[in-house]
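# Survey of secondary and tertiary structure
Below are the chains, spelled out letter by letter.
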Amino acid sequence: MTSETAQEPEYFAITGSDPREWEDIAAAAVKSGEDRLVINMGPHHPSTHGVLRLVLTLDGETVEEVRLVIGYLHTGIEKNMEFRTWTQGVTFCTRMDYLMPLFNEAAYCLAVEKLLGIVDRVPERAQIIRVMMMELNRISSHLVAIGTFGLELGATTVMTNGLLGRERILDTFEMITGVRMNHGYIRPGGVVQDLPPGATSNVRELIAQTRDGIGRLAKLLNANPVFLARTRNVAYIDLRGCVTLGVTGPLLRSAGLPWDLRKSQPYCGYENYDFDVAVQHSGDAYGRHLVRMAEMTESLKIVEQCLDRLATTGGPVMIDDKKIGWPAQLALGADGLGNSEQHIAGIMGSSMEALIHHFKLVTEGFRVPAGEAYAAVESPRGELGVHVVSDGGTRPYRVHFRDPSFTNLQAIPAMCEGGQLGDVIVAVASLDPLMGGVDR
Amino acid sequence: MGIEEHLPGDFLLGRVEQLAGWARSSSLWPATFGLACCAIEMMAAGGPRHDLARFGMERFSATPRQADLLIVAGRLSHKMAPVIRQVYDQMPEPKWVIAMGVCAASGGMFNNYAVVQGVDKILPVDMYVPGCPPRPEMLLDAIVKLHDRIRREPLGPHRAARLEEHEAKALQGISGVGR
């Protein structure tokens, strides 16, 4: 590559509109005597999981060098959050990594609660609902991860199975939060509203259906010879590599380290739940697949425990602090919007101060003491950290997210260089990066 | 576009329009252009529950050269804008564009330095789908409406006459003139 005889490199722009372009390239390749080609994969490529761009240096079919180009989905979410109240920040950060909206919300809210000093005052029931929603979200995210993994290997059945399971979970989300994605459900101090009637029985049904769906996927993939040939000993990265590059999540656990923030730094009361951390020791794409499959089963176990606890734990779902908690429980009207009629009658009819307080809290928001806080949750892709800085106002001074996809992407060159071109697809799919989270 | 554009206006054109419209609307091939959250809902629309195959659209084309519908699903950043324009230019005529979701339609909640405030700044959009993200059913609704429009699309002299009519109306300052 760095031979002294290297001449000035020639550049070619391929628009695809003229077949003669390739003749020029072929002629130049023959002249140079090297079988090396730099190709551009993405940002518009069906197998790069969104708008990731890979610049690959190929020697024949062998990948010599991988360079990653990100930023094609940069949305300015962190900047936008600086111009909204602390509560409104939830609606922005939920749209970052759009396959795990509830984790984004939870991580942000945990950080804000830490800054407010109300971590212990968040109601028990709200924490249980958070855990249940996050675990269901983990399953839906993993189902899409495994489904797109299959699709990128050329197996549409895996995709349809994954999507079907996800649809069921999204139905439950819609019942509980009102929307399929981008919920804005978890708020600083609790969750926005209690479970609707019939939600727990719905979730119980969902658990049975999902368990069945996971079983089908396992049957379809886990011993499938084509799948094994494509994933075993492919996209290998060992534990030392993972730790050096800051890789977390299923990648790290597939390399043999049972590092899971739910166990090692519990939040939302995870220390009270009984579940195992899925670990594999192969460090390859197949190991990651097995970790994800096992994690879905473990998540179902946690959801079952949540349901048992919800049956015995009543009470509010928002902090009992009029300075922070939203003024009233929402009561849905016929127009699909609304607020508790009792509450409105009370503040409009008899209490001017309550009306002023309601107005100030909704339009201006609450103040957060100056300082900074870091909170992290174990998202489906790894450690999702949030660093919030407050200058004492009603809006964040700075919110920064440590997105697991962004950090994990560093491992792509280590996984791919020296391998085959086709295995680059497997490496990216097994890593499951979400560009919405990477670029924010 | 093709030979159908060169038929004289007084001979068989109505029939050819019907035939071409039927063929085009029954086998619309979308280009995969997933950007953000909406892309996942677009995938869900192609999934088993909503099943785009009912409309002859299950073949999402990875190459723009074999696609005639561009579904812009998600927020479009300034860095991505030239890419999407190139993809659009690579698609053969006739072609249509759906702006899926508020971000694609108007920039949505991301009124900031990073996001193009509506893909209609760089592409001619035929159908806007509101929602954040729109449900798969809403995308299906937009697609069915687009099918209907494609089925009735005039060709050749009829098309020229329609365009002239619209231009005349626009010059008179009448608002609400569509395509």
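It should be noted that the structure appears before, not after, this text.
Quick look at the overall build of chain B now. Looking only at helices and strands, chain B has 6 helices and 4 strands in total. Its helices and strands taken in sequence order, chain B reads α-β-α-β-α-β-α-β-α-α from the N to the C terminus. Counting all 179 residues of chain B, 39% fall into the buried class. Pairs at least 24 apart in sequence give 78% of the contacts found in chain B among residues at least 6 apart.

What follows covers the overall build of chain A. Of regular secondary structure, chain A possesses 18 helices and 8 strands. Relative to its length of 440 residues, chain A is compact, with a C-alpha radius of gyration of 24 Å against a globular reference of 22 Å. Across its three principal axes, chain A shows a C-alpha extent of roughly 90 × 45 × 40 Å. Burial analysis of chain A (440 residues in total) assigns 47% to the buried set.

Counting from both sides, the interface comprises 25 residues of chain A and, opposite them, 29 residues of chain B. Breaking the side of chain A that touches chain B down by element, the ones donating at least two residues are helix H2 (77–81) and helix H6 (156–177) of chain A. With 4 residues, H6(A) is the single largest residue contributor to the side of chain A that touches chain B. Taken together, the residues of the side of chain A that touches chain B sort by class into 10 nonpolar, 11 polar and 4 charged.

Let's shift gears to unusual backbone geometry. The omega torsion across B:Glu93 and B:Pro94 is -10°, close enough to zero to call that bond cis. With respect to the element layout, B:Pro94 can be found in the loop between helix H3 (81–90) and strand E3 (96–100). Going from B:Cys132 to B:Pro133, the amide bond is cis rather than trans, its omega being -15°. For B:Pro133, the position within the fold is in the loop between strand E4 (127–129) and helix H5 (136–151). For A:Asn182, which is not a glycine, the phi torsion comes out positive at approximately 50°. Its location among the elements puts A:Asn182 in the loop between H6 and strand E4 (186–187). In this model, B:Asp51 sits at a positive phi of 55°, which is unusual for a non-glycine residue. Inspection of the secondary structure puts B:Asp51 in the loop between helix H2 (37–46) and strand E2 (69–73).

Moving on to helix H6 (residues 156–171) of chain B. Along its 16 residues, H6(B) runs 23 Å from first to last C-alpha, staying within 8% of the 22 Å computed at 1.5 Å per residue. Burial runs low along H6(B): only 0 of the 16 residues are buried.

All names here are of chain B. Of all 5 residues in E3, 5 are buried, a share of seventy percent or more. Of the two faces of E3, the one carrying Trp 96, Ile 98 and Met 100 and the one carrying Val 97 and Ala 99 are both buried. Pairing of E2 with E3 involves 5 bridges; the strand directions are parallel. Bridging from a neighbouring strand, Leu 69 pairs with Trp 96 of E3. The sheet contact formed by E3 and E4 spans 3 bridges and is parallel. In the sheet register, Ile 98 faces E4, and the bridge partner there is Met 127. Crossover handedness for the path E3 to helix H4 (residues 101–106) to E4: right-handed.

Our next topic: the packing of helix H13 (residues 341–349) of chain A against helix H14 (residues 352–363) of chain A. All names here are of chain A. Relative to each other, H13 and H14 sit at 115°, their axes nearing to 6 Å. Listed contacts from H14 to Gly 346, Ile 347 and Met 348 of H13 are Ala 354, Leu 355 and His 358. Grouping the constituent residues of the contact of H13 with H14 by class yields 4 nonpolar, 2 polar and no charged.

In sheet architecture, strand pairing relies on hydrogen bonds along the backbone and comes in two forms, parallel and antiparallel. Residues and elements named next belong to chain A. Spatially, 3 strands are ordered E6-E7-E8 in an open sheet, and the strand pairing comes out antiparallel. Among the strands making up the open sheet, the edge pair consists of strand E6 (371–379) and strand E8 (398–402). Between one strand and the next, the sheet's axes are offset by a mean angle of 15°, whatever the strand orientation. Pairing geometry for E6 and strand E7 (residues 382–390), over 9 bridges, is antiparallel. Bridging across to E7, Gly 371 finds its partner in Ser 390.

This part takes up the pairing of strand E3 (residues 62–69) of chain A. Residues and elements named next belong to chain A. In this structure, strand E2 (residues 53–59) lies alongside E3, joined through 7 bridges in antiparallel fashion. The residue bridging Val 55 from the neighbouring strand is Arg 67, located in E3. In this antiparallel pair of consecutive strands, E2 and E3, the connection spans 2 residues, and Gly 60 shows a positive phi of 70°.

All names here are of chain B. With respect to topology, 4 strands assemble into an open sheet ordered E1-E2-E3-E4, the strand pairing being parallel. What marks the edges here is a single partner per strand, and that holds for strand E1 (30–31) and E4. Strand contacts of H5: E3 and E4, with the helix running at about 170° to E4, the strand carrying the most contacts.

Now for the environment of A:Arg230. Checked against the element boundaries, A:Arg230 lands in helix H8 (residues 225–231). In this structure, A:Arg230 is in contact with A:Leu153 and A:Val426, ignoring residues within four places of it in sequence.

Our focus in this paragraph is the packing of helix H7 (residues 199–221) of chain A against helix H12 (residues 285–312) of chain A. All names here are of chain A. Where H7 contacts H12, the axes come no closer than 11 Å and their chain directions differ by 165°. When the axis of H7 is compared with that of H12, the two are roughly antiparallel. In the crossing of H7 with H12, the sense of the turn from one axis to the other is left-handed. Where H7 approaches H12, its residues Thr 200, Val 203, Arg 204, Ile 207, Thr 210, Arg 211, Ile 214, Ala 218 and Leu 221 are matched on the opposing element by His 289, Met 293, Met 296, Thr 297, Leu 300, Val 303, Glu 304, Leu 307, Leu 310 and Ala 311. Looking at side-chain class alone, the contact of H7 with H12 contains 12 nonpolar, 4 polar and 3 charged residues.

Analysis parameters
Residues numbered from 1 in each chain as written. Chains lettered and ligands numbered in written order. Predicted model: local features only at pLDDT ≥ 70, side-chain atom pairs only at ≥ 80, totals over all residues. Helix = DSSP H or I, 4+ residues; strand = E, 2+ residues; numbered from the N terminus. Buried ≥ 20, exposed ≤ 12 C-beta atoms within 10 Å, placed from the backbone. Contact = placed C-beta atoms within 7 Å. Rg over C-alpha atoms; globule rule 2.2 N^0.38 Å. Nonpolar A, V, L, I, M, F, W, Y, C, P; charged D, E, K, R; others polar. Expected span 1.5 Å × (residues − 1). Pairing = 2+ DSSP bridges. Right-handed = clockwise from strand over helix to strand, strands pointing away. Axes fitted to C-alpha atoms, helices over the stretch in contact; angles between N-to-C directions. Parallel < 35°, antiparallel > 145°, perpendicular 65-115°, else oblique. Left-handed = near helix turned anticlockwise from the far one by under 90°.

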